[in-house]
Amino acid sequence: MIIDESFTADDIGEAEDIVRRVYPKAELRDSRGAFHYEHLSRGVDDVNFTRFKISSRTDIAVDFDGVATFGILLKGRYAVESNGTQMDASQPFLFTPGPGGSRSEQLDLLTVNIGMDTLKRAAALQTGADRVRLRFGGNAPSSPALRAHWLHTANYAWNSVMRSPEVFGNEAIRVATLETVVTAALAAFPIEVVQAARATDFIASSAIRRAKAFIDDNADRPLTIAQVAAAARLSVRALQLGFQRTLGTTPTAYLREVRLDAARHELLELDGDARVVDVARHWGFANAGRFAALYRARFGETPGATVRG
């Protein structure tokens, strides 16, 4: 579901209700001075940006339930903690799932909110695991270079995509941008992937069987590894790991062997050399010399010898 919301409030109770649209377990208290609140959220349910502006000194308590929130302080004073750990708001920081709190004055804060299920799925795709658990090793980026990369990615996504109605409304751009943001967050912060089920566990699963069946049924068509992975409902990385650890080969090599076997079967039905090149092309071998070399390496004879057989 797409999120595109903008609110303002001059009452702290009303502002609390608005904050709870992002963090259902949030409480605003101890506001001092004239209170004014501004709120802009854009993204989708599981990956979204929210910019908060609060004029007066305000204390906020939030239970970050099932979400990792990455913060960038744009302006103001901000003392912040996550799960009892004081954080340095002068650099990008991370609220890990659990209780968090802050005290702010003249706050202008940009947050990137990523659901834990989405983080886990992205980590699984990156590592080739079926399922993962995540362990947070800290609340700040892992290095100055990764901090700079995260800031660049988040600022680009916010300023060039999220804040532009026309660009944000383009589904392809929106999806690609949010996927990049999730990848950058995983890379920049010390989020350790604890693998619960690796690609080696696919030996007895249906995923690799689906991939093999798809290749077997479509070997005479132009195929990419991405298409095979999609048919098996795996990432490309998981597909490659699954084939290597299950079959001791790669998807590309398996596809080539299936095609060579099919070409040999067809060549055995021929009665002359004239159509060897047509058979090669039919099974995806555009280069006749390359086909002959691969064929001889697999079967110990040339395609022509098979035909003359």
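Thresholds applied
Residues numbered from 1 in each chain as written. Predicted model: local features only at pLDDT ≥ 70, side-chain atom pairs only at ≥ 80, totals over all residues. Heavy atoms only, no water. Buried < 20%, exposed > 50% of the residue type's maximum accessible area, 1.4 Å probe, protein only. Helix = DSSP H or I, 4+ residues; strand = E, 2+ residues; numbered from the N terminus. Arc of directions from axis to C-beta. Contact = heavy atoms within 4.5 Å. Salt bridge = Lys/Arg side-chain N within 4 Å of Asp/Glu carboxyl O. Phe/Tyr/Trp six-rings, centres within 6.5 Å; stacked < 30°, edge-to-face > 60°.

*Asks:* Is there a simple way to explain helix H7 (residues 225–232) in this structure?
*Replies:* Residues separated by three or four positions in an α-helix point in the same direction, a consequence of the helix having 3.6 residues per turn. Among all positions of H7, only Val228, Ala229 and Ala232 are buried. The arc that holds every buried residue of H7, seen down its axis, measures 100°, which confines them to one face. Buried residues along H7 sit against helix H6 (206–218) and helix H8 (236–247). Count one or two residues on from H7 and you reach Arg233, which has phi positive near 60°.

*Asks:* Help me understand the pattern of salt bridges, please; the structure alone is not making it clear to me.
*Replies:* Oppositely charged side chains can pair when the atoms bearing their charge come close. Scanning all chains against the criterion turns up 12 salt bridges. In this structure, Glu5 engages Arg21 in a salt bridge whose closest nitrogen and oxygen atoms are separated by 2.5 Å. One end of the pair, Glu5, is in strand S1 (residues 2–9); the other, Arg21, is in the loop between helix H1 (12–19) and strand S2 (26–32), with 16 residues separating them in the sequence. Taking the shortest distance from any N to any O, the salt bridge between Arg264 and Glu301 comes out at 3.1 Å.

*Asks:* How do you make sense of the packing of aromatic side chains when you look at a structure like this?
*Replies:* What characterises a pair of aromatic rings is the spacing of the ring centres plus the angle enclosed by the ring planes. Counted under the stated rule, the structure contains 14 aromatic pairs. Here the aromatic rings of Phe49 and Trp158 are separated by 6.0 Å at their centres, their planes lie at 20°, and the arrangement is stacked. Taken together, the positions of Phe49 in strand S4 (residues 47–54) and Trp158 in helix H3 (residues 144–162) put the pair 109 residues apart, joining distant regions of the chain. An identical accessibility class is assigned to Phe49 and Trp158; each is buried.

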